[in-house]
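# Chain and residue survey
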Amino acid sequence: MANTGGMTVDGGDMRYSEYSPKTNVRSDAEIDRRLGGTLIAVGLGVAAAGFAGRYAFQLWKPLGQAFSTYYKGGFEQKMCRREASLVLGISPTSTKAKVREAHRRIMVLNHPDKGGSPYLAAKINEAKDLLDKESRR
């Protein structure tokens, strides 16, 4: 029997005398290196998504203000019916009962004795007086 390169020859038949498959055993250093690269890639992806989301919100912010349910702007020098109805949150053509109920509801929340602003309380009272004077019974 002649041994040639890990193979034996028996009567013309060749076979492997020692067959050991290649093992995919990785060292701890290689595993750590690959895991570290993966974690860095995931971290960069999350950061990119965060920055893209922030940029998108900044783009949409002015558009969202256009559709806001709140009145944009300060008070006028002399209050008109429209502004009074916006302050009280009712229709300009509301009845006296609705004006009084809206005034009471808002004053409970904004009364100066309860920590509210005296200026806002004065504006709320002015709105009630204006709408009471001009509203229907």
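Conventions adopted
Residues numbered from 1 in each chain as written. Predicted model: local features only at pLDDT ≥ 70, side-chain atom pairs only at ≥ 80, totals over all residues. Heavy atoms only, no water. UniProt positions renumbered as here; feature names shortened; annotations may be inferred. Helix = DSSP H or I, 4+ residues; strand = E, 2+ residues; numbered from the N terminus. Expected span 1.5 Å × (residues − 1). Buried < 20%, exposed > 50% of the residue type's maximum accessible area, 1.4 Å probe, protein only. Arc of directions from axis to C-beta. Contact = heavy atoms within 4.5 Å. Core = buried A, V, L, I, M, F, W, Y, C linked by side-chain atoms within 4.5 Å. Salt bridge = Lys/Arg side-chain N within 4 Å of Asp/Glu carboxyl O.

Per an unreviewed UniProt entry, the protein chain is named DnaJ (Hsp40) homolog, subfamily C, member 15, and its organism is Labrus bergylta. Recorded in UniProt for the protein chain, the comment headed Subcellular location (unreviewed entry) runs: "Mitochondrion inner membrane".

Here, UniProt's "transmembrane region" (unreviewed entry) annotation points to residues 35-57. Across residues 35-57, the secondary structure splits into 100% helix and 0% strand, with the terminal C-alpha atoms separated by 33 Å.

Since the α-helix advances by 3.6 residues per turn, residues separated by three or four positions end up pointing in the same direction. Look at helix α3 (residues 96-110): 21 Å from first C-alpha to last across 15 residues, which is about the 21 Å you get at 1.5 Å a residue. Within α3 the residues assigned to the buried category are V99, A102, H103, I106 and M107. Axial view of α3: buried residues confined to an arc of 125°, hence all on one face. Relative to its buried face, α3 has exposed residues pointing more than 90 degrees away, namely A97, K98, R100, R104, V108 and L109. Lining the buried residues of α3 we find α2 (81-88) and α4 (118-134).

Grouped together as the largest cluster of nonpolar side chains are 13 residues, with contacts concentrated most on A84, L88, I90 and L131. Listing elements by their share of this core, those giving two or more residues are α2, α3 and α4. Tallying contributions element by element places α4 first for this core, with 5 residues. Those residues in contact with L131, other than ones at most four positions away along the chain, are R81, A84, S85, L88, I90, P92 and V99.

Right, let's talk about the pattern of salt bridges for a bit. Here the structure, examined in full by the defined rule, presents 5 salt bridges. Two residues, D132 and R100, come together in a salt bridge whose shortest N-O distance is 3.8 Å. Here the residue D132 occupies a position in helix α4, and R100 occupies one in helix α3, the gap between them amounting to 32 residues. The exposure class of D132 is buried, given its relative accessible area of 11%. Two residues, K128 and D129, come together in a salt bridge whose shortest N-O distance is 3.9 Å. Here D129 falls in the partly exposed class, since its relative accessible area comes to 44%.

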